[in-house]
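# Structural features, examined
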Amino acid sequence: MVVTDPIGLLLAAILGLLVGSFLNVVIHRLPKMMERRWAQECAELSGHPPPEGKPFNLVTPRSHCPACQTPIHWYQNVPVLSWLALRGRCGQCGAGISARYPLVELVTGGLFAYSFARHGLSVSTLAWCLFAAALVSLAFIDWDTTLLPDDITLPLLWGGLIAAALQWTSVPLVDALWGAVAGYLSLWSIYWLFKLATGKEGMGYGDFKLLAALGAWFGWQALVPIILMASVIGAIVGIALKVFSRLREGGYVPFGPFLAGAGFAALFFGPQAILGAIGL
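Residues numbered from 1 in each chain as written. Predicted model: local features only at pLDDT ≥ 70, side-chain atom pairs only at ≥ 80, totals over all residues. Heavy atoms only, no water.

### Observations concerning the confidence of the model for the chain
- Per-residue pLDDT for the chain averages 89, and the proportion of residues at 70 or more is 95%.
- When mean pLDDT is taken per element in the chain, helix H5 (residues 150-165) scores highest with 97 and helix H10 (residues 271-277) scores lowest with 70. (pLDDT = per-residue confidence, 0-100. Helix = DSSP H or I, 4+ residues; strand = E, 2+ residues; numbered from the N terminus.)

Below, the structure is given as structure tokens:
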């Protein structure tokens, strides 16, 4: 089904832009929140007092310019438009503001509009919008930090199973369940085979959970297309980064963004189209 209601599409896109603005906060702050939590846990285990610091979460402190620390006013935080009006620079000190902020907002807005176009005003649209928001956050967080937070991967996994159980997606619950199981165990097995053979860790546990989540949302039948596309694109990007000497310290290329990209490809085109795109 394709919904062509222009007002509905516009409202969905605007909601996506607003959610995308919040996702920028999540992408920046959640890894830092995790680091603080780990430091507190380490201090408690070692019998030392927890490190002191001001409250830091998704709400506190207010958004501010990282260069001059000037708080950002609401009219400077309107998705996309404020960035354009400020010409990509802080209104106080003139420091550059990354174009990735409006990019995240535009991508999220487009995904929300696409979900509405596919499913109309329904709980299925809500489910796929939440799926899209989680996947966007995970892709950018993993690219920046090589972390895939449990705070997002686990709710995404359970969300896929619950959506299947409530028939908010077209995936039967049994396929979603085995998709989650097979998604986790497949990468878990590869991880241990690689580690036993080389003594090194080729990926993190977050990748297992992300593929399990994708299996829950798309069913076990989609796992092979998703993992193949993610591997092919990841290999191409990794080679390009190496050729242009852009690999980060240690030579790591996070796999999560490519899993997320393959997940979006499955959302747009379906698993069989992915196989056809890579010649299988």
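That was the structure; now back to the text.
### Thoughts on the pattern of salt bridges
- Applying the stated criterion across every chain yields a total of four salt bridges.
- The partner of Asp144 in a salt bridge is Arg100, with the nearest N and O atoms 2.7 Å apart. Of this pair, Asp144 sits in helix H4 (residues 123-145) while Arg100 is found in helix H3 (residues 100-119), placing the two residues 44 residues apart along the sequence.
- Relative accessible area serves as the criterion here: at 38%, Asp144 is assigned to the partly exposed category.
- Classification of Arg100 by relative accessible area gives partly exposed; the value is 27%. (Salt bridge = Lys/Arg side-chain N within 4 Å of Asp/Glu carboxyl O. Buried < 20%, exposed > 50% of the residue type's maximum accessible area, 1.4 Å probe, protein only.)

### Some details on the environment of Leu135
- Locating Leu135 in the fold gives a position in helix H4.
- Judged by relative accessible area, Leu135 falls into the buried class, the value being 0%.
- It is 8.4 Å that separates the C-alpha atoms of Leu135 and Leu156, two residues lying 21 residues apart in sequence.
- When residues no more than four places from it in sequence are discounted, the contact partners of Leu135 are Leu156, Leu210, Leu214, Ala260, Gly263 and Phe264. (Contact = heavy atoms within 4.5 Å.)

### Some points on H5
- If you check H5, its first and last C-alpha atoms are 22 Å apart, about what 16 residues at 1.5 Å a residue would give, namely 22 Å.
- All of the buried residues along H5 are Ile152, Thr153, Leu156, Leu157, Gly160, Leu161, Ala163 and Ala164. One face of H5 carries all of its buried residues, which in axial projection span an arc of 165 degrees.
- In this structure, the buried side of H5 is in contact with helix H1 (6-45), H4, helix H6 (173-198) and helix H7 (205-218).
- Just downstream of H5 lies Gln167, where phi reads positive at about 60 degrees. (Expected span 1.5 Å × (residues − 1). Arc of directions from axis to C-beta.)

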